[in-house]
Amino acid sequence: MTSNALLEARALRQDIEAVSGESERQRRVPADLIGKLNAAGLLAMNIPHKFGGAQLPALDSLKVIAELSYADSAVGWCAMIYSTTAVLGSFLPEHWGQQVYGPKPGPDGSERSPVSAGAAAPSGKGQAVDGGVVVSGRWAWGSGTHNCDWICGGTTVQDGDDIRRFDNGEPMVHVMFFARDQVELQDNWDPSGLRGTGSVDFTVDEQFVPEGRWTVLGHSKRQVDDPLYRFPFFGYFAAAVASVPLGIARRALDDFDDLSRGKTPAAQTSTINESAIVQLEFGAAEALVQSAHHHLYGVVAEIWDKVAQGQRPTTEDRRQLRLAASQATVMSAAAVDKLYNAAGGSALQGHCSLQKHFRDIHAATAHRMVGTEVMRMAAAARITDAPVSYQL
């Protein structure tokens, strides 16, 4: 069954495509489009019901992210960041969860869902004080932060003579929630791929975060009980990241189909879609995308069913989620590579969408949630006796 959210995403495709060029030039998604996504409920997919959100099943939101990425990679990427960050709202004390994620009046007076993004990497340094923590830091990869109400930053907290740590000595990473006016965005985003994501660095300087307006990765207890929030967080995060390349690759297949029917190489009399070599490459690319899609979403659905029945996710479940997400990303990128090469010189031109798909998908493969280190970590959890990281 097609979810209402997926239908809303498809209905906005024309609006999204209309500003794709502007997003590339401005290096961020226009605020007006973010407003349309918000009005359609697509930025509240993972916000808890109790805070006015949609609280969708994991697979529904992943399909929406892929659909938005089909229309434009930057929009899909930002929706992915907003959605994964919103899951953290389920770990906030109810007072802060309501303040951060409760509905707010929009520019037209209607209610809208707050938007949050940020970076969990522990680039912030905090000092415990009465009533909270004072934080300073600079974080990279602030995707979508230009359109946020709240911006998160991973932080280690000095408390007495040492930083707060787990019993095994590993530092506790506090993901602090900063109000937008506590944060300064830098102007340092000028990449080749995913240009429209606005993934700038952001800084805070001696900003106070009240007690409890944070979540500690791998430690904080859920404050909302639902399969979405019992689902392995890092597994969902990785699957959401991988859904962007899945959307890009599916669009690349359709765009190549159109291009191949109209391109006749020099000294040839037939279009390239008649070439046996091109047909072989296209078939291989399509098989890669379909395989990636079905395997990733199949693993997500299988583990979702377990969680929905009250079962606790096992280490093997977490391993399979991470492997499926990383492999889906690798396969999607390989498919786009095949299509890019099969298009020949046409793919080099700025007006050819395949060069954008090539740039964007290789930017997406660099995300640490789906990188080669994940493959190693997942393998180590099976073939060694080393402790399993909470980030699996």
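Definitions and cut-offs
- For every chain, the first residue of the written sequence is number 1, and numbering continues from 1 onward in sequence order.
- Two thresholds apply to this predicted model, a pLDDT of at least 70 for residue-level local features and 80 or more for giving and counting side-chain atom pairs, whereas whole-chain, interface and lining totals are computed over all residues.
- Calculation of side-chain values draws on the structure's entire complement of heavy atoms; hydrogens and water are dropped beforehand.
- Under the pairing criterion, centres of Phe, Tyr and Trp rings, with the six-membered ring standing for Trp, must be within 6.5 Å; the plane angle then separates stacked pairs below 30 degrees from edge-to-face pairs above 60, leaving the rest tilted.
- Think of it this way: any DSSP run of H or I at least four residues long counts as a helix, any run of E at least two long counts as a strand, and we number them from the N terminus.
- A simple rule labels every residue: compare its accessible area, found with a 1.4 Å probe on the protein chains alone, to the largest value its type can have, and call it buried under 20%, exposed over 50%, or partly exposed in between.
- Remark: a charge is flagged as sitting over a ring if the NZ atom of Lys or the CZ atom of Arg is within 6 Å of the ring centre and within 35 degrees of the ring normal.
- A helix is expected to span 1.5 Å for every residue after the first.
- Contacts are assigned to residue pairs that have any heavy atoms within 4.5 Å of one another.
- At least two bridges found by DSSP between two strands are what make those strands a pair.
- Polar contact is defined as a pair of N or O atoms within 3.5 Å, subject to the rule that within protein one atom must be able to donate a hydrogen and the other to accept it, and that residues adjacent in sequence are counted only when both atoms are side-chain atoms.

A. Broad picture of the packing of aromatic side chains. Counted under the stated rule, the structure contains nine aromatic pairs. Note on Trp 139 and Phe 202: the rings are 5.2 Å apart at their centroids and 15 degrees apart in plane angle, and the pair reads as stacked. With a gap of 63 residues between them, Trp 139 in strand 4 (residues 132–142) and Phe 202 in strand 9 (residues 200–210) connect regions that are remote in the sequence. Neither residue differs from the other here; Trp 139 and Phe 202 are each classed as buried. Look at Tyr 340 and Phe 358: their rings are 4.3 Å apart centre to centre, the planes differ by 20 degrees, and that puts the pair in the stacked class. Of the two residues, Tyr 340 is situated in helix 11 (residues 315–342) and Phe 358 in helix 12 (residues 353–364); the sequence distance between them amounts to 18 residues. The buried category is assigned to Tyr 340, whose relative accessible area is 17%. For Phe 358, a relative accessible area of 29% gives the class partly exposed. Lying over the aromatic face of Trp 96, Arg 213 brings its terminal NZ or CZ to 5.5 Å of the ring centre.

B. Up close: helix 11. Between its terminal C-alpha atoms helix 11 stretches 41 Å, which fits the 40 Å expected from 28 residues at 1.5 Å a residue. A positive backbone phi angle near 65 degrees is found at Gly 344, which sits one or two residues after helix 11.

C. Broad picture of the side chain of Asp 360. Assignment of secondary structure puts Asp 360 in helix 12. Those residues in contact with Asp 360, other than ones at most four positions away along the chain, are Glu 24, Ser 73, Gly 193, Leu 194, Arg 195 and Ile 248.

D. How the structure looks around the pairing of strand 9. Strand direction decides the pairing type here: strand 4 and strand 9, joined by eight bridges, are antiparallel. By the bridge assignment for strand 9, Gly 137 is matched with Val 204. With two bridges connecting them, strand 8 (residues 184–185) and strand 9 associate as antiparallel partners. The residue bridging Glu 184 from the neighbouring strand is Thr 203, located in strand 9.

E. View of the side chain of Thr 329. Within the element layout of this structure, Thr 329 appears in helix 11. Thr 329 sits in the buried class, given a relative accessible area of 1%. A polar contact of 3.0 Å, which involves the side chain of Thr 329, links it to the backbone oxygen of Ala 325. If we skip the residues at most four places from it in the chain, Thr 329 touches Ala 242, Pro 245, Thr 365 and Val 370.

F. The arrangement of the pairing of strand 5 (residues 150–159) in detail. For strand 5, the buried fraction is high: eight of the 10 residues fall into the buried class. Strand direction decides the pairing type here: strand 3 (residues 116–129) and strand 5, joined by eight bridges, are parallel. Note that in strand 5 the partner of Gly 126 across the bridge is Val 157. With six bridges connecting them, strand 5 and strand 7 (residues 174–179) associate as antiparallel partners. The residue bridging Trp 150 from the neighbouring strand is Ala 179, located in strand 7. Here strand 5 folds back onto strand 6 (residues 162–163), and the loop between the two strands holds two residues, one of which, Gly 160, carries a positive phi near 80 degrees.

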